[in-house]
Amino acid sequence: MKITYHGHSIVKIETNGKTILIDPFITGNPLTDLSVETESPDYILLTHGHSDHVGDTVELAKKKDALVVAMVELADYLSWQGVKTHGMNIGGSFEFPFGKVKFTQAFHSTGLVTGEQNIIYLGMPAGLLLEIEGKTIYHAGDTALFSDMKLLGERHSIDIAFLPIGDNFTMGPEDAAYAAMLLNAKTVVPIHYNTFPVIKQDPHKFVTLLEQGNGKVLEVGEAIEL
């Protein structure tokens, strides 16, 4: 299984001939190396309804009728745009052909700006726990630090955790380092930083905060094999 980081919160997973994209914010993302024209995922997983996570979901999904997996309100909204969806909710899991997806809680907000002074509420934000090929992947989405991350680490042997470090909108580096300790993942990768001036961070400095020495900075386009 090949897992690639593509800037901001975009993670691509290639497994058994299928491609999964998490939070495909491509258009307007100054850091990503992806283009909407060349990407054609089989599945799209979304953590929440902010535009820098939903991104190009509708256009990408319509390319080859990809299945979009999201919180139920967001899934309903996207289905009205002509996209095939599977709605889920916090604590629920479902076995897809590529593996198991479980939605975890995240402390954040969610909503899509659709016009002047108009915001559509799109359900709760979430994190993702994926079990694929005998490995466990945790994508925290956008979140603050919360103590139940310890439960996630105790109940799941997490092979790789993607944690936001940008601060301002999510955990900053210090809180993310504490989250990494609670999760006890084998590898911790920082995400959601440097896309905008207000979330500028040094990911290498974040890695030095991890007492377990399990941090890994993935440059945009860099992959890791599990």
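What counts as what
Residues numbered from 1 in each chain as written. Predicted model: local features only at pLDDT ≥ 70, side-chain atom pairs only at ≥ 80, totals over all residues. Heavy atoms only, no water. Buried < 20%, exposed > 50% of the residue type's maximum accessible area, 1.4 Å probe, protein only. Helix = DSSP H or I, 4+ residues; strand = E, 2+ residues; numbered from the N terminus. Contact = heavy atoms within 4.5 Å. Arc of directions from axis to C-beta. Core = buried A, V, L, I, M, F, W, Y, C linked by side-chain atoms within 4.5 Å. Phe/Tyr/Trp six-rings, centres within 6.5 Å; stacked < 30°, edge-to-face > 60°.

Let's talk about helix α5 (residues 173–183)
A turn of α-helix holds 3.6 residues, and therefore any two residues three or four places apart point the same way.
Then, number 1: Of all the residues in α5, the buried ones are Pro173, Ala176, Ala177, Ala179, Ala180, Leu182 and Leu183.
Then, number 2: Residues of α5 that are buried sit in contact with β12 (135–139), α4 (149–155), β13 (160–164), β14 (187–191) and α6 (203–208).
Then, number 3: Once α5 ends, the next one or two residues include Asn184, with phi positive near 55 degrees.

Section: the side chain of Asn214
Then, number 1: Along the chain, Asn214 falls in the loop between α6 and β15 (223–225).
Then, number 2: Excluding anything up to four places from it in sequence, Asn214 contacts Ala185, Lys186, Thr187 and Val188.

Some thoughts on helix α3 (residues 72–79)
Then, number 1: Of the positions making up α3, those classed as buried are Leu74, Ala75, Tyr77 and Leu78. The arc enclosing the buried residues of α3, seen along the axis, measures out at 160 degrees, which places them on a common side.
Then, number 2: On the buried face of α3, the contacting elements are α1 (51–54), α2 (57–63), β5 (67–71), β6 (85–88), β9 (112–115) and β10 (118–120).

What to know about the nonpolar core
Then, number 1: Ranked by internal contacts, the top residues of the largest apolar core, which has 51 residues, are Ile13, Tyr138 and Leu163.
Then, number 2: Each residue touching Tyr138, except ones within four places of it in the same chain, is listed here: Thr104, Leu128, Leu129, Phe146, Met149, Leu152, Ile158, Ile160, Ala161, Phe162, Leu163 and Leu183.
Then, number 3: Within the second largest apolar cluster, 20 residues are counted, among which are Ile26, Leu60, Leu74 and Leu122.

Focus: the packing of aromatic side chains
Then, number 1: Evaluated as defined, the whole model comprises five aromatic pairs.
Then, number 2: Residues Phe107 and Phe146 carry aromatic rings whose centres are separated by 5.3 Å and whose planes lie at 55 degrees to one another, so their mutual orientation is tilted. Placement of Phe107 in the loop between β8 (99–105) and β9 and of Phe146 in the loop between β12 and α4 is noted, with a sequence separation of 39 residues between them.
Then, number 3: Taken together through their ring pairs, the aromatic side chains of Tyr43, Phe94, Phe96 and Phe98 make up a single cluster.

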